[in-house]
Amino acid sequence: MGLFDGLPVPQDKEYLRDDLENIDESWTVARFDSLPHVVHILTSKDRDGEIQALKDQSDIVEQVVDEVVQTYHGGFNRAIQNYSQILRLFSESTQSVGKLKVDLGNAKKVISARNKQLHQLWYRSMTLRHIISLLDQIENIAQVPARINKLIDDNQLYAAVQTHVQSARMLEREGLQTVGALQDVRSELAKLQGVLFYKVLEALHAHLYNTGEYSLTTPSMNEKDDAIPTSTVAAFSINNSQSLSRRTRLQKGDSHVGASGFASSVDGGSSYDGHDDDDAHDAADNTKNAPRLPTWLSESTPDEFVETMRKVESPLHVKYLQTMVECLCMLDKVAAAGAIICQRLRPTIHEIITSKIRDQAEYVNSFRPGVGHSARTSTTGLQFVNGQIQKEKHKNGTSLAGSLMAVSPVTPVMAPMGAAQSAAKELLDSILDTIVRIFDNHVVVGELLESKSSQPAHIKNTTKSAKGEISGNLDSEASQATGGYTIGFSMTVLQSECQQLICEILRATPEAASADAAVQTARLANKAPSKEKKDKTEDGLTFAFRFTEATVPSQGRNRKSQNVQEGYGSASVLPEQGIYLAASVYRPVLQFTDKIAVMLPQKYSQLGNDGLLAFLENFVKDHFLPTMFVDYRKGVQQAISSPAAFRPRANPLAAYTPSVSKGRPVLQGLLTIDFLAKEVLGWAQAMPKFSGDLVMYVQTFLERTYERCRASYTEAFLEKQSYMLIGRHDVDKLMRRDPASAFLPTSLAHADGDNHIADAETDGVELEISGLLMKLRPIKQESLIRDNNKLILLASLSDSLEYIAESIERFGNASAKASDQTENDVKPTPAHHKRSGSVSPPKDLKTFAEDYRKLAIDCLKVLRVEMQLETVFNMQVMATREYLEDQDAEEPDDYIISLITQITRRDEVIAPFIAPNKRNYVFGGICAVASHASIKALAEMKHINLFGVQQISRNTIALEQALSSIPSIDSDSVQTKLDHVRTYYELLNMPVEALLAFITEHDRLFTAIEYYNLLKVQVPGREVPDDAKARMADILPI
């Protein structure tokens, strides 16, 4: 920027600016020195030119100065004129101030002379103003009763209490206390205080029990709530989360809202510190989510509490409860309200339970007119836990289900899946859900009342309380401040009423149901609280029925409490009542205790531990389980000792069926045991904590039944040949090696063997068994089981034992899953009902299943051995008979006919009682024994002719036909074995030379001894050379 850039030069003379820029800078310095310029001109060659240049520059400067002077001349003139004007005004002001001083001095003299008169006038003015204000207040107060009545009619209770409190405080001010015209107003306000108190109390009472206008649920007398229990868990999980967050927010919001805070707001000063400014800011940004003032506070005067109610996010019914408690605090009626709540608590809960039961009974009766509940449920079919057995009539006209019901200690309605259990659980779920929601309200009100009543104690804090030490009388003082009403008291009364209802359902008296109640009561009544335990509620809150009655405040025991003894009328809803309903009661009580534990404040946590669940668990442990064990033990004893218990069915179906519902001939005694065991496990499923004890009961019953089955099994073949054989170790070992054991119902019987056994080994095992049986000859008829009924019993017992073993395995799987589920449920469970691990029994259900299956296998082994012995008994005649026939055989021998008759008859009588594969095992050993006995018989024969050979062939054909007619037996195997016998005897028709040639080609078809016996027997018409035996010895060395 140049030196002359700011000069006011017109645009038409811009050349002057350029000319100024061309002037040397030495002419523009601050300290100008002319000597260098003079010297320059004097020493210059063109002095005239230099002088002329200086003149030109001088002219330029003069022109610029003229332009500047013309531009700023008017401003200079105005500035000079303004300055002179200011000087004139200052001079005039100085003169005016002097005159004002003189006037003020004169005024001061005048005012000092009238000072007393002015003071009197000012005082009179202030008095008149105060009188006018008092008259206005008196006029307003005179209208207060009418305004309060209008607010009460409009359900604006908080505004009415506000008006009453403000008016009462106004009447206490100085100047109004002696006004006679306000005496009527005072009496009206005193009456209205009582009216307001009872109005607030009634509103609080209605909302405590969810019958108020703003309650969470408002049930009516005609509401049909039988479907409530189906959604109880889901609905209550939401309620729990709301109640927890709600109480947390209430505690934060109430920390600065109290009686003292409200008093300051009435006088016009508020201590509200704006904790929710952020929420208000967010609400301003989003008007749709702006919090609204509840309708019952719409006409109230804005104060700290009203602002809190506007901004807090609690549910509507909780806000209303908080408002009513605040009204009681403003009226200073907390203790009186607490006493009345205590007085009404038990009768109200009793009436709620009774009305709920009555409504449900009316609904049930109206839903199915003309059909009684008992009549409707009594037609319910008998059901097992797994639904395998149904009520059916059998051919002999007897009802299997009826016989099972006769043994069970409970009716079908009372069974684990019966209608009575479902009805009791549904009823108790509904009632306990209602009680939980009521208790949720009591927790809110109790915490508010306790916090309000404890505020004066905080104001009077001592040094000890500041250090955190709790006074020994703190709880009692708090209880007195609330009229005896606390969360612990309300919970105790609620659980007491629930206990009485449960006792009515179970038909048990509280004293009988809680055997240690008297002991607890005496201990709690006589034991003074120790100093180190004064901050604990463990000793004072242990739940005992008779003790709760003793701890109720005196105002709570009035004539209305006599209704408690009248009962609840649960018999009108439940088809039956009795101790067995404890199973359906247990789970609702467990869920109820969990919900209550979540709601309880920390200092009352022990009260939940010793509450309703502890009572019910003690009842189940001390009364229900022993009663159940005795009842079911009688049923088991009756089932296994009945004459028909081990009597096979008289008229079974023609073919075996694996389904009991379609006629599987399971013995009635074992079927009854299976039914009783499933029923006991049904109780275990309903009460997982006691499943270990109930499973032990089942094991005890199964052990007794097993002993009875083994006795019946032993009696069937006692003192028989098979009895001695089955007990031998070598026979047992051979039967395990026998490939036929693959048909047995367990893999243990053939666990050490190979399923694909070579034919040679198979034949070797069969030969060993046959040889062992042949050594028992002669076998007497008395040593065999000739009574088919015993064989039928063994067959039926085997199948029944297998059925029980399968059921036991299902029991074990179900109980294992239940125990795993129980263990998973135990981990998050609160300490009050944590399940302790039960001692595992020495013998589990899997072992019992194996024992039953082994006994079933032993029955099948007896039948197989008996049929083999029967075969040996009939075939032993063959060795002593002379086969010198004189004609061709047309009929088999008598002993073959007898054997075939026995096989056919026994197959007919056994077939309906065992499965086809087991029939194969029973009758599958006959063919091997018969073929082996036929071949061995030749060694004892002396003579046989060609007709005798034909007779033996005819015998084998008849036996083959008889065995092949049994569907389960492999006819190809029978044909192969008996063809082997016919081939052996047909070798007797060959000449010796041809026989020796045959032996050379088929040296392994028969043994060397068997080939030797062919030469030993005498056959008419066949010549045996002397060297025949030697030649045979060369072929087959013996």
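Residues numbered from 1 in each chain as written. Predicted model: local features only at pLDDT ≥ 70, side-chain atom pairs only at ≥ 80, totals over all residues. Heavy atoms only, no water.

If you check an unreviewed UniProt entry, the protein appears there as Exocyst complex component Sec8 from Deinandra increscens subsp. villosa. The UniProt entry for the protein carries this comment under Sequence similarities (unreviewed entry): "Belongs to the SEC8 family." Listed under Function (unreviewed entry) in UniProt, the entry text for the protein is "Component of the exocyst complex involved in the docking of exocytic vesicles with fusion sites on the plasma membrane." (UniProt positions renumbered as here; feature names shortened; annotations may be inferred.)

### Concerning the overall build of the protein
Each helix and strand counted, the protein has 40 helices and zero strands in total. For the protein, the residues scored as buried account for 46% of the 1038 residues in total. Of the contacts made within the protein by residues no fewer than 6 positions apart, 80% connect residues no fewer than 24 positions apart. Put simply, the protein shows about 53,000 Å² of open surface, and 53% of that area lies on carbon and sulfur atoms. (Helix = DSSP H or I, 4+ residues; strand = E, 2+ residues; numbered from the N terminus. Buried < 20%, exposed > 50% of the residue type's maximum accessible area, 1.4 Å probe, protein only. Contact = heavy atoms within 4.5 Å. Areas by Shrake-Rupley, 256 points an atom, 1.4 Å probe, with all protein chains shown as cover.)

### Here's the deal with a nonpolar patch on the surface
A contiguous nonpolar patch, built from Trp27, Val29 and Phe32 and spanning about 260 Å² of accessible area, is present on the exposed surface. Here Phe32 is to be found in the loop between helix H1 (14-22) and helix H2 (35-42). (Patch = residues over 30% accessible without salt bridge, like charges linked within 9 Å, V, L, I, M, F, W, Y side chains within 5 Å. Salt bridge = Lys/Arg side-chain N within 4 Å of Asp/Glu carboxyl O.)

### A short note on unusual backbone geometry
Of the consecutive residues Arg777 and Pro778, the connecting peptide bond is found in the cis state with omega at 0°. Checked against the element boundaries, Pro778 lands in the loop between helix H30 (759-774) and helix H31 (788-826). Unlike most non-glycine residues, Asn155 shows phi in positive territory, near 60°. Mapped onto the fold, Asn155 is located in the loop between helix H5 (144-153) and helix H6 (157-171). The exposure class of Asn155 is partly exposed, given its relative accessible area of 23%. For Asp332, which is not a glycine, the phi torsion comes out positive at approximately 60°. Note on placement: Asp332 falls in the loop between helix H12 (316-331) and helix H13 (334-367). Owing to a relative accessible area of 69%, Asp332 belongs among the exposed residues under this scheme.

### What about the nonpolar core?
Core analysis: the biggest nonpolar cluster contains 243 residues, and Met941, Ile944 and Tyr985 have the highest contact counts within it. Apart from residues lying up to four places away in sequence, Ile944 is in contact with Tyr883, Leu884, Val949, Ile952, Tyr985, Leu988, Val1017, Gln1018, Val1019 and Pro1020. By size, the runner-up hydrophobic cluster in this structure holds five residues, among which are Leu16, Leu20, Ile23 and Val64. (Core = buried A, V, L, I, M, F, W, Y, C linked by side-chain atoms within 4.5 Å.)

### What to know about the packing of aromatic side chains
In the structure shown here, the tally under the stated rule is 20 aromatic pairs. Summarising the aromatic geometry, the rings of Phe624 and Trp683 are spaced 6.3 Å apart at their centres and angled 85° between planes, so their arrangement reads as edge-to-face. Of the two residues, Phe624 is situated in helix H25 (residues 612-641) and Trp683 in helix H26 (residues 668-686); the sequence distance between them amounts to 59 residues. Relative accessible area serves as the criterion here: at 0%, Phe624 is assigned to the buried category. Residue class for Trp683 comes out buried when judged on its relative accessible area of 0%. With centroids separated by 5.9 Å and ring planes inclined at 15°, the aromatic side chains of Phe629 and Phe701 adopt a geometry described as stacked. Here Phe629 is found in helix H25, whereas its partner Phe701 is found in helix H27 (residues 691-716), with 72 residues between them in sequence. The same class applies to Phe629 and to Phe701, which are both buried. It is Lys333 that lies over the ring of Phe197; its NZ or CZ is 5.7 Å from the centre. The ring centre of Tyr883 lies 4.4 Å from the NZ or CZ of Arg881, which sits over that ring. (Phe/Tyr/Trp six-rings, centres within 6.5 Å; stacked < 30°, edge-to-face > 60°. Lys NZ or Arg CZ within 6 Å of the ring centre and 35° of its normal.)

### Things to note about helix H34 (residues 916-923)
With respect to burial, H34 is a largely interior element, six of its eight residues being buried. Taken residue by residue, H34 has Lys918, Arg919, Asn920, Tyr921, Val922 and Phe923 as its buried positions.

### What about the packing of helix H7 (residues 183-208) against H12?
Direction vectors running N to C along H7 and H12 enclose 155°, while the axes themselves pass 10 Å from each other. Accordingly, the angle class assigned to the pair H7 and H12 is roughly antiparallel. Like other packed secondary-structure pairs, H7 and H12 cross with a definite hand, here left-handed. Here Gln193, Leu196, Phe197, Val200, Ala203, Leu204, His207 and Leu208 of H7 lie close against H12, whose contacting residues are Tyr320, Leu321, Met324, Cys327, Leu328 and Leu331. Of the residues belonging to the contact of H7 with H12, the class tally is twelve nonpolar, two polar and no charged. (Axes fitted to C-alpha atoms, helices over the stretch in contact; angles between N-to-C directions. Parallel < 35°, antiparallel > 145°, perpendicular 65-115°, else oblique. Left-handed = near helix turned anticlockwise from the far one by under 90°. Nonpolar A, V, L, I, M, F, W, Y, C, P; charged D, E, K, R; others polar.)

### Notes on the packing of H25 against H26
Interhelical geometry of H25 versus H26 gives an angle of 165° and a closest axis separation of 8 Å. In terms of their interaxial angle, H25 and H26 are classed as roughly antiparallel. For the crossing formed where H25 meets H26, the hand is left-handed. Facing H25, whose interface residues are Met628, Tyr632, Gly635, Val636, Ala639 and Ile640, H26 presents Gly669, Thr672, Ile673, Leu676, Glu679, Val680 and Trp683. Of the residues belonging to the contact of H25 with H26, the class tally is nine nonpolar, three polar and one charged.

### Concerning the pattern of salt bridges
Should their charged atoms come close, side chains of opposite charge can pair. As enumerated under the stated definition, the model contains 30 salt bridges in all. Between Glu993 and Arg1031 there is a salt bridge; the shortest N-O distance is 2.8 Å. With a gap of 38 residues between them, Glu993 in helix H38 (residues 992-1001) and Arg1031 in helix H40 (residues 1028-1035) connect regions that are remote in the sequence. Here the salt bridges share partners, and the residues they tie into one network are Asp732, Arg736 and Lys861.

### Notes on the environment of Phe923
One can find Phe923 in helix H34. For the pair Phe923 and Ile903, spaced 20 residues apart in sequence, the C-alpha to C-alpha distance is 8.0 Å. Not counting residues within four places of it along the chain, the set of residues in contact with Phe923 comprises Met867, Ile903, Arg906, Asp907, Ile910, Ile966 and Ile969.

### A word on the side chain of Ser807
Positionally, Ser807 belongs in helix H31. By relative accessible area, Ser807 is classed as buried at 0%. Reaching out from Ser807, the side chain makes a polar contact with the side chain of Asp674 at a distance of 3.0 Å. Once residues lying within four places of it in the same chain are set aside, the contact partners of Ser807 are Asp674 and Lys678. (Polar contact = N/O pair within 3.5 Å; in protein donor to acceptor, adjacent residues only side chain to side chain.)

### Thoughts on the environment of Gly663
Relative to the elements of secondary structure, Gly663 occurs in the loop between H25 and H26. Sequence separation between Gly663 and Pro912 is 249 residues, and the spatial gap between their C-alpha atoms is 9.7 Å.

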